[in-house]
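Residues per chain are reported as follows:
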Amino acid sequence: MSEEKVRVRIAPSPSGNLHIGTARTALFNYLFAKKTGGEYVLRIEDTDLDRSSEAYKQNIFDSLKALGLNWDEGPDVGGPYGPYKQSERFDIYPKYAQMLIDKGYAYECFCSNEDLDEEHRIAEEKKIPYKYSRKCLNLTKEQKDELKAKGIKPSIRFKVEAKELIFNDLVKGELKFDTGLIGDFAIMKSNGTPTYNFAVVVDDMLMKISHVIRGEDHISNTPKQILIYEALGAPIPKFGHLGMILAPDRSKLSKRHGATAVSDFIKEGYLTEALLNFVALLGWAPSDGVEIKNVDEIAADFRINEVSSSNSIFEYEKLNWMNGQYIKHMDISKLTDLAIPFLNMYDLNKYSRKQLEHIIEVTREPITLLKDLVYDTQYFFEEPKYNEVEEILKGDVAKVVLPKFKSEVETYDFNNEENIHDKLAELRTYFKENHGFKPKETMWAIRSALTGRTRGADMVATIQILGKDEVIKRLEKLI
RNA sequence: GGUCCCAUCGUCUAGAGGCCUAGGACGCGGCCCUCUCAAGGCUGCAACACGGGUUCGAAUCCCGUUGGGAUCACCA
């Protein structure tokens, strides 16, 4: 019976862009499904119509897809257990709520918000934990009819029985609860829509979800949900609760800490591969100690019960390092495709695709973010500004090196990188022997003249990409 | 505040009673390489929150303390 097919789901609510924490939850579900040969479904939890929006939904789709976390079933691709959007399932929930009423597991509640607020206030005043008073538990049929005749629409509450509830969490181990501490909670709102806890259970049941992997902020929902499963007579899935991702100040990761949405990270020039790899390492560790791994490699090595049960802090240093690693090793054509949107302030038509790739190739090395390319490639597209290197250009070395370099560069074979390399080496030797200039100084003068910078891409490549005309033009302006 | 979860270098973590003089990665310092930044190689600094047990033996098991987090809605 525990051998049934693994089916997991990710159920974001479209009330914001896809959060990096949600992305990690999605990833862990995806990894678990991959590892076990199970299915991974996407369900949109948009029961709160006011806070949900189409734009957020689209952002969630796009972000998940960009990360490569593609779902087997979902709102767009369909599947045997649809629809996969809760707002399209509103007709389903009342039936189950009614069933629960009929079986005595739930009852109608006519309390107004004001009544409930008052109960809360009193509980707070007495400093006792709030529990619904059960005022409406024993209403007679006549009383209910009377209330309904007045136009009061009831909500439906689940009748919670006090008992000890134990379940085995996939990552936390045995978890115990005293359900006597939980009050009777609403499963249907008076407007006829389901509450979160009810919709989740009904949907997970109907969608045959076998394992629920989610953030530990849901731990306290779990007993309520188990109670509903039991009342519904449905098999209870296995639960696994992941630690949270915290900001460096140990508070919830929020906008004031920087990017929180996957799409924000992408905009800043993080690679989705790096993002995924990094976030996997928050809680999971590779068995061979090699941290840089693609999703398939991670999936093969993934064991849900080995995931760390503590919270982890999201630090940018390692993410940045990892992003740099991915940038350095990514296929250059793919990287160029990703880089081009970041460079739209430049006239990219100055160069062929091949040359563009070359530019990216020689500037990718020191960067951590794709947007760093903007500054690092600037001198390929625009006239250099020389304020940074004024001193060098006015110096004795430059005065001697630049004229000689200019006259020599005329003879360089620009189609032959090796030729440029050798000629530059000769030049360094020449100035060292005849003027006592350090190789570094010679190169500095040339680099400054050509790029306006003291650091940057490989000089040989830079000279070649710029081309003979441009190199000479830039030199002439300075001599 | 009630309930629940968590606790190894600054950070992510390895560690399932002896393999631990606690390992790796990021970051930080040093050296090497080098036309610069970077990368790479080598190397250094840095942790079992505290207190009690259990045991021949505890980072690992138990209890307490402290600290952090989550949650207490007709929001998801």
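Read on for a plain summary of the structure. What you see is a predicted model; the values in this text were computed from it and never measured. (Residues numbered from 1 in each chain as written. Chains lettered and ligands numbered in written order. Predicted model: local features only at pLDDT ≥ 70, side-chain atom pairs only at ≥ 80, totals over all residues. Heavy atoms only, no water.)

Points about the pairing of strand 8 (residues 211-215)
- The element strand 8 is largely enclosed, with a buried count of five among its five residues.
- With five bridges connecting them, strand 8 and strand 9 (residues 238-242) associate as parallel partners. Across the sheet, residue Val 212 finds its bridge partner in strand 9, namely Phe 239.
- In this fold, the crossover linking strand 8 to strand 9 by way of helix 7 (residues 222-232) has right-handed handedness. (Buried < 20%, exposed > 50% of the residue type's maximum accessible area, 1.4 Å probe, protein only. Helix = DSSP H or I, 4+ residues; strand = E, 2+ residues; numbered from the N terminus. Pairing = 2+ DSSP bridges. Right-handed = clockwise from strand over helix to strand, strands pointing away.)

Comments concerning the protein's contact with RNA strand B
- Around RNA strand B, a shell composed of 55 residues is seen, among which Cys 111, Lys 172, Lys 189, Gly 456 and Asp 458 lie nearest.
- Counting only atoms of RNA strand B within 4 Å of the protein, the sugar-phosphate share comes to 75%.
- Note that a phosphate oxygen of RNA strand B is positioned 2.8 Å from one of the side-chain N or O atoms of Arg 250.
- Glu 365 is positioned such that a nitrogen or oxygen atom in its backbone is 3.0 Å from a sugar or linking oxygen of RNA strand B.
- Listing elements by their share of the surface near RNA strand B, those giving two or more residues are helix 4 (113-125), strand 4 (155-158), strand 6 (173-178), strand 11 (312-313), helix 11 (316-329) and helix 19 (439-451). (Near = heavy atom within 4 Å. Polar contact = N/O pair within 3.5 Å; in protein donor to acceptor, adjacent residues only side chain to side chain.)

Focus: the packing of helix 17 (residues 396-409) against helix 18 (residues 417-435)
- With their axes 12 Å apart at the nearest point, helix 17 and helix 18 run at an angle of 145° to one another. For the crossing formed where helix 17 meets helix 18, the hand is right-handed. Contacts between helix 17 and helix 18 pair Val 400, Val 401, Lys 404, Phe 405 and Glu 408 from the former with Leu 424, Leu 427, Tyr 430, Phe 431 and His 435 from the latter. (Axes fitted to C-alpha atoms, helices over the stretch in contact; angles between N-to-C directions. Left-handed = near helix turned anticlockwise from the far one by under 90°. Contact = heavy atoms within 4.5 Å.)

Focus on the side chain of Ser 155
- Locating Ser 155 in the fold gives a position in strand 4.
- Look past the residues within four positions of Ser 155 in its chain and what remains in contact with it is Tyr 107, Glu 108, Cys 109, Met 188, Lys 189 and Ser 190.

Structural notes on the pattern of salt bridges
- Under the counting rule described, the total for this entry stands at 32 salt bridges.
- Residue Asp 184 is joined to Arg 134 by a salt bridge in which the shortest nitrogen-to-oxygen separation is 2.6 Å. Placement of the pair is Asp 184 in the loop between strand 6 and strand 7 (186-188) and Arg 134 in the loop between helix 4 and helix 5 (141-149), with a sequence separation of 50 residues.
- According to the relative accessible area criterion, Asp 184 is buried, its value standing at 4%.
- Owing to a relative accessible area of 32%, Arg 134 belongs among the partly exposed residues under this scheme.
- The partner of Lys 293 in a salt bridge is Asp 288, and the shortest N-O contact between them spans 2.7 Å.
- Using a relative accessible area of 49% as the deciding quantity, one classes Asp 288 as partly exposed.
- Bridged by salt links that share partners, the residues Arg 9, Arg 43, Glu 45, Arg 89, Asp 203 and Asp 204 form one connected network. (Salt bridge = Lys/Arg side-chain N within 4 Å of Asp/Glu carboxyl O.)

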